[in-house]
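# Descriptive analysis of the structure
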Amino acid sequence: MSGRTHACARPERTCVGCRERAAKSDLLRIVAVGGDCVPDDRGTLPGRGAYVHPAVVCLDQAVRRRAFPRALRVTGPLDTAAVRRVLQTPPIPR
């Protein structure tokens with residue numbers, strides 16, 4: 001046996017808030033646009049991305065640790081109001 005598993009490889013990213021690794025599909029991508037952090041649901045916005053669990057707790061930890069400017073490689077503080085609005089709105093039932 002070669003020691004390889006037969007499971008499909010899934011891309012993993014690290015949450016900048018809690019620093020836990022998770023599947024890329026389980027995290028929310030955040031992109032800096034101007035001086036704002038913008039949620040990127042589709043993952044198609046240009047530029048560097050930072051990933052965070054879709055929970056207000058992880059967002060608060062990332063803001064407290066000043067992780068977004070460091071991860072996105074921008075200078076100065078970033079406004080996270082748009083991300084907070086997305087995380088606090090209840091999902092639409094389908």
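Scroll up a little and you will see the structure.
Reference entry: report on the structure contained in this document. (Residues numbered from 1 in each chain as written. Predicted model: local features only at pLDDT ≥ 70, side-chain atom pairs only at ≥ 80, totals over all residues. Heavy atoms only, no water.)

Glancing now at the pairing of strand S4 (residues 36-40). Working note: regular strand, side chains alternate between the two faces of the sheet. Bridge count between strand S3 (residues 28-33) and S4: 5 bridges; the pairing is antiparallel. Residue pairing across strands places Arg 29 opposite Asp 40, the latter belonging to S4. Connecting S3 to the next strand, S4, in antiparallel fashion are 2 residues, including Gly 34 with a positive phi near 70°. (Pairing = 2+ DSSP bridges. Helix = DSSP H or I, 4+ residues; strand = E, 2+ residues; numbered from the N terminus.)

The next thing to look at is the pattern of salt bridges. Across all of its chains, the model carries 4 salt bridges by this definition. Between Asp 26 and Arg 10 there is a salt bridge, with its nearest N and O atoms 4.0 Å apart. Of this pair, Asp 26 sits in the loop between strand S2 (21-23) and S3 while Arg 10 is found in the segment before strand S1 (12-14), placing the two residues 16 residues apart along the sequence. With relative accessibility at 56%, the residue Arg 10 sits in the exposed group. The closest approach of N and O atoms between Arg 29 and Asp 40, which form a salt bridge, is 2.5 Å. Here Asp 40 lies in strand S4 and Arg 29 lies in strand S3, a separation of 11 residues in the sequence. With respect to burial, Arg 29 and Asp 40 carry one shared label: buried. (Salt bridge = Lys/Arg side-chain N within 4 Å of Asp/Glu carboxyl O. Buried < 20%, exposed > 50% of the residue type's maximum accessible area, 1.4 Å probe, protein only.)

Interaxial distance between helix H1 (residues 56-64) and helix H3 (residues 81-88) falls to 10 Å at its minimum, and their mutual angle equals 165°. Considering the angle they form, H1 stands roughly antiparallel to H3. Crossing angle aside, the handedness with which H1 passes H3 is left-handed. Residues Val 56, Leu 59 and Asp 60 of H1 touch H3, and the partners they reach there are Val 83, Arg 84, Leu 87 and Gln 88. A per-class count over the contact of H1 with H3 returns 4 nonpolar, 1 polar and 2 charged. (Axes fitted to C-alpha atoms, helices over the stretch in contact; angles between N-to-C directions. Parallel < 35°, antiparallel > 145°, perpendicular 65-115°, else oblique. Left-handed = near helix turned anticlockwise from the far one by under 90°. Contact = heavy atoms within 4.5 Å. Nonpolar A, V, L, I, M, F, W, Y, C, P; charged D, E, K, R; others polar.)

Moving on, we come to the nonpolar core. Among the nonpolar cores identified, the biggest contains 20 residues, and Val 16, Ile 30, Cys 37, Phe 68 and Val 83 are the most heavily contacted of them. Listing elements by their share of this core, those giving two or more residues are S3, strand S5 (49-52), H1, helix H2 (67-72) and H3. When residues in this core are grouped by element, the largest group, 4 residues, is from H2. (Core = buried A, V, L, I, M, F, W, Y, C linked by side-chain atoms within 4.5 Å.)

Size it by volume and the largest pocket reaches roughly 370 Å³. Forming the walls of the largest pocket are 14 residues, and the residues nearest its centre are Leu 27, Leu 28, Arg 29, Asp 40 and Asp 41. If you list the elements that add at least two residues to the lining of the largest pocket, you get S3 and H3. Residue composition of the lining of the largest pocket, grouped by class: 6 nonpolar, 3 polar and 5 charged. (1 Å grid on protein atoms, 1.4 Å probe; cavity = no way out; pocket = protein on both sides within 12 Å on 5 of 7 lines; lining within 4 Å. Points joined across faces, edges and corners; volume = space filled by probe spheres on them.)

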